[in-house]
Amino acid sequence: MTASTPHRPASLSRRAALTGLAAGAGALAVGSTARTAAATPTPSTPSASSAPPVPSATASDPAPGAMRLFDDPGFNFAGLLALGAAGMRASEVGEVLTAVNTINAAGLSEQTYTDTFRSWGDRLAAPPAAGRDGRGTPSQTRRFRSLRAAQYYAQALFYVLGTDRPADEEAVYRAGRDAWDTFARLCTPAAVTATVPWGRTRLPLWFFRPDGPAERRPTVILTNGSDGQNVDMWTYGVSAALDRGWNALVYDGPGQGQLLFVEEIPFTTRWETVVRPIVDWLLRREDVDGDRIALTGLSMGGNLAPRAAAFEHRLAAVAAMPGCLSPWLGFDEELRAIVTPDKAETNRVWNEEVVPELTPQLAFTVKKRFEIFDRQALRQAREGKVLTDLWTPAQVAIGLDITKVVGRIKAPTLVLDYDFEQFYPGQPRQMYELLRTRREYVKLTKATGAQLHCSPMAPQQHCDVVFDWLADVLQR
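Residues numbered from 1 in each chain as written. Predicted model: local features only at pLDDT ≥ 70, side-chain atom pairs only at ≥ 80, totals over all residues. Heavy atoms only, no water.

Any chance you could explain the pairing of strand S3 (residues 217-223) here in plain terms?
On any regular strand, side chains alternate: one points to one face of the sheet, the next to the other face. In terms of burial, S3 is largely enclosed, as seven of its seven residues are buried. Taken together, the six bridges between S3 and strand S5 (residues 288-298) define a ladder with parallel strand orientation. Among the inter-strand pairings, Ile221 is bridged to a residue of S5, identified as Leu295. As defined by bridge partners, S3 adjoins strand S4 (residues 247-251) across four bridges and the pair is classed as parallel. Counterpart to Ile221 in the pairing with S4 is Leu249. Viewed along the sheet, the connection from S3 through helix H8 (residues 230-243) into S4 turns out right-handed. (Buried < 20%, exposed > 50% of the residue type's maximum accessible area, 1.4 Å probe, protein only. Helix = DSSP H or I, 4+ residues; strand = E, 2+ residues; numbered from the N terminus. Pairing = 2+ DSSP bridges. Right-handed = clockwise from strand over helix to strand, strands pointing away.)

Got a minute to help me understand the packing of helix H5 (residues 110-125) against helix H6 (residues 139-159) in this structure?
Helix packing geometry: the angle between the two helix axes and the distance between the axes. At a minimum axis distance of 8 Å, the contact between H5 and H6 shows a crossing angle of 160°. If you check the angle between H5 and H6, you find them roughly antiparallel. Note on packing geometry: the crossing formed by H5 with H6 is left-handed. Side by side, H5 and H6 meet where Glu110, Tyr113, Thr114, Phe117, Arg118, Trp120, Gly121, Asp122, Arg123, Leu124 and Ala125 of the first sit next to Arg142, Arg145, Ser146, Arg148, Ala149, Tyr152, Tyr153, Gln155, Ala156 and Tyr159 of the second. Split into classes, the residues belonging to the contact of H5 with H6 amount to 10 nonpolar, four polar and seven charged. (Axes fitted to C-alpha atoms, helices over the stretch in contact; angles between N-to-C directions. Parallel < 35°, antiparallel > 145°, perpendicular 65-115°, else oblique. Left-handed = near helix turned anticlockwise from the far one by under 90°. Contact = heavy atoms within 4.5 Å. Nonpolar A, V, L, I, M, F, W, Y, C, P; charged D, E, K, R; others polar.)

Honestly, the pattern of salt bridges in this entry has me stumped. Any pointers?
A side chain of one charge can pair with a side chain of the opposite charge if their charged atoms are brought near each other. If you walk through the whole model with that rule in mind, you get 28 salt bridges. As a salt-bridge pair, Asp389 and Lys343 come within 3.9 Å of each other at their nearest N and O atoms. Highlighted residues: Asp389 in the loop between helix H15 (375-382) and helix H16 (391-399) and Lys343 in helix H13 (residues 343-354), separated in sequence by 46 residues. Here the salt bridges do not stand alone but share partners, grouping Glu169, Glu170, Arg174, Glu264, Arg379 and Arg382 into one network. (Salt bridge = Lys/Arg side-chain N within 4 Å of Asp/Glu carboxyl O.)

Everything listed here is a matter of coordinates, which is why it stays silent on function.
If you want it as structure tokens, here you go:
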């Protein structure tokens, strides 16, 4: 926490920086391009439409040429995530590009983005009228239509707080959740659904198994970030695990999915309490090899998974994608400087000097970035208001710092990094240096189209790197 110092009103030219918040998949890259343009590719280090005209690509352009769906880097990042998911059948290239053209033609905004992708979700969530397979059932068609619907609802969900109907946030989440549940039920075999206790509530989980005889298999627990939905865990893990004959478990923790959007439970700084009952549940299953349970964390999950592994030593491997020591350091320095030990002064500066200067777009960013850390902030956002208490959710973000506990991890650990990492630049390498166990650092690069946070255009390549490393670690 920074020392208390006098403050001046936020400079208009720095408003974007004031809301340059680090978060998960789909996060706005406000003010991030200048910070990341200087990044340079490094080799993997083992061991230790009607779219607007696009500028010419340059060596420092993080999203050149065909990767430019929208002029705004935040919207573009979200669109790339949707487009890249097509490789895992979690979207359709034609559907996404048609949506992009519709949005650009209408004028890019939170409203047009949300309305367009929500409409696509509604269209695909409806049972197909035709296309029955050879067995006389539409289940296979409906299965992947539902998965794509979940993707498009997730796209709409991220921006709904910036529309004229922010109170629809829970409804959009529930629509995406229904689509995900339909997909999981129609898998072969169907995903096992269950809940495990956590505090006064229970965590929902989905356990996917390969089709075939029951036997003890390696199992990967997939941890989402601050904005990702379950469909992202299919793209960044479930599909790859099943292809290798492994089990995969997806879950909602506090600050995620059902617990956030329905139960209004924000993030906890003690993620080991979330993972521990999940490991307990897995160890009771006869189709899980208890000696080969791995934990991955995507986006801000690259902070949560290592935190859990520092205290939960029944894990055989950990992957941080990317490594994140402190989500709070992903917030711009000017915003962090507002938060001092003095709660009243912090909130006075925030409400009197910063909030009045926010544009509607930046106000949306603030609402989205802080709803995950505080119930009051979430409720105010759904009322169309900017949070009035900045200090309280900031303490949660600050408390997520795992710098002092990373050295306690015993399991072999993979730390990913990316060219043009927007949200946690430099932190993956710092995490790698702090590890005291078997470790590996890998940077995914622009040379193979895998740049940007979580490689939105290269999830298959991403999974190849992660699961090949896991296979090496978990082999008997």
